[in-house]
Amino acid sequence: YYARLAGKITIQKCQSHPRAPEIEYIPTMLSEENLAALYAACDCFVQPHRAASSGMAVMEAMACGLPVITTEGGGVLDFCSRENAMLLPAREIRQRRGTVGHWKVSGEQIHVEPDTGVLQERMEQVFKNLSEAKQRAELAGVHIRENFSWAKTVDKIEDRFQALQSASGNNRQRSDSSKSTFAKT
């Protein structure tokens, strides 16, 4: 919640600039239908981040066929590459602090700092050549839809559990009929 407050304040400052582009701050969760409509209304999805665990929003945008600009770091690297996304170079930051926001933390914290100059260049590149960005986005959408369905995720988890059982000396084999019955999409 503290990040949303800081984001809202930053956006309000940007909105107050006389030459600022239109920015709409959406502080609430959207329904699936409204989220899909929002993606469909966009030309590009931009998410520079310092830390990202799974990058679900990036994956959703890619699945919807949007060009993506995101930081080259964190969980997005599980499905983003230079071929299917516009990655922002970032430098790694390591630090030890007792808190992050209101949360107590221990040990070393690692995050990345994206290159904001390259961010600007990538946004201009999409603006000036949207058709090229859309071609990259089409490839990304196919990659996501073919490799990252919930059914495929369940299969990967079940396969991992089987590997763990086998490694622990439990040699019970799972038959193919016990695989997930979720519809594959």
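Residues numbered from 1 in each chain as written. Predicted model: local features only at pLDDT ≥ 70, side-chain atom pairs only at ≥ 80, totals over all residues. Heavy atoms only, no water.

(A) Quick peek at the pattern of salt bridges. Scanning all chains against the criterion turns up four salt bridges. Here E108 ties to R94 by a salt bridge, and the two come within 2.7 Å at their closest N and O atoms. Taken together, the residues E108 in strand β7 (residues 108–114) and R94 in strand β4 (residues 90–96) connect sequence positions 14 residues apart. Note on E108: relative accessible area 39%, which makes it partly exposed. A relative accessible area of 47% means that R94 is categorised as partly exposed. Connected via shared salt-bridge partners are E92, R94 and E108. (Salt bridge = Lys/Arg side-chain N within 4 Å of Asp/Glu carboxyl O. Helix = DSSP H or I, 4+ residues; strand = E, 2+ residues; numbered from the N terminus. Buried < 20%, exposed > 50% of the residue type's maximum accessible area, 1.4 Å probe, protein only.)

(B) Examining a nonpolar patch on the surface more closely. On the surface, I26, L30 and L38 cluster together to form a nonpolar patch covering roughly 200 Å² of accessible area. Its place among the elements puts L38 in helix α2 (residues 32–40). Residue class for L38 comes out partly exposed when judged on its relative accessible area of 34%. (Patch = residues over 30% accessible without salt bridge, like charges linked within 9 Å, V, L, I, M, F, W, Y side chains within 5 Å. Areas by Shrake-Rupley, 256 points an atom, 1.4 Å probe, with all protein chains shown as cover.)

(C) Representation of helix α4 (residues 116–128) within the structure. Between its first and last C-alpha atoms α4 spans 18 Å; for 13 residues at 1.5 Å apiece the expected length is 18 Å, and the two agree. Those residues of α4 that fall on the buried side of the exposure criterion are V118, L119 and V126. Looking down the long axis of α4, one finds its buried residues gathered within 105° of arc, a one-sided arrangement. In α4, the exposed residues that point more than 90 degrees away from the buried face are F127 and K128. At its buried positions, α4 is contacted by β1 (45–47), β2 (68–71), β3 (86–88) and α5 (130–147). The backbone nitrogen of G117 lies 2.9 Å from a side-chain oxygen of the residue at the head of α4, namely D115. (Expected span 1.5 Å × (residues − 1). Arc of directions from axis to C-beta. Contact = heavy atoms within 4.5 Å. Polar contact = N/O pair within 3.5 Å; in protein donor to acceptor, adjacent residues only side chain to side chain.)

(D) Structural detail: the nonpolar core. Ranked by internal contacts, the top residues of the largest apolar core, which has 15 residues, are F45, V58, A61, M62, V68, F79 and C80. Here the element with the most residues in this core is helix α3 (residues 56–63); it accounts for four residues. Non-local contacts of M62, meaning those with residues more than four positions away in its chain, are made with V68, F79, C80, N84, A137, A140, G141 and I144. The next biggest cluster of nonpolar side chains, apart from the first, holds eight residues, and it includes L88, V118, L119 and V126. (Core = buried A, V, L, I, M, F, W, Y, C linked by side-chain atoms within 4.5 Å.)

(E) Local environment of the packing of aromatic side chains. Counted under the stated rule, the structure contains two aromatic pairs. Ring geometry for F79 versus F148: centroids 6.0 Å apart, planes at 70°, classification edge-to-face. In this pair, F79 is assigned in the loop between β2 and β3 and F148 in the loop between α5 and α6 (150–167), connecting sequence segments 69 residues apart. The cationic tip of K156 hangs over the ring face of F148; the distance from NZ or CZ to the ring centre is 5.2 Å. (Phe/Tyr/Trp six-rings, centres within 6.5 Å; stacked < 30°, edge-to-face > 60°. Lys NZ or Arg CZ within 6 Å of the ring centre and 35° of its normal.)

(F) How the structure looks around the environment of V142. Tracing the chain through its elements places V142 in helix α5. Separated by 79 residues in sequence, V142 and A63 place their C-alpha atoms 7.2 Å apart.

(G) The arrangement of α5 in detail. Here α5 is 18 residues long and its end C-alpha atoms lie 25 Å apart, about the 26 Å a rise of 1.5 Å per residue gives. Regarding α5, the residues found buried are A133, A137, A140, G141 and I144. Buried residues of α5, seen end-on, are gathered within an arc of 110° and therefore sit on one face of the element. Of the exposed residues in α5, the ones pointing more than 90 degrees away from its buried face are S131, Q135, E138, L139 and E146. Considering only its buried residues, α5 is in contact with α3 and α4.

(H) Spatial organisation of the side chain of N84. On the secondary structure map, N84 appears in the loop between β2 and β3. For N84, the contacting residues outside a window of four places in its chain are M62, F79, R136, A140 and H143.

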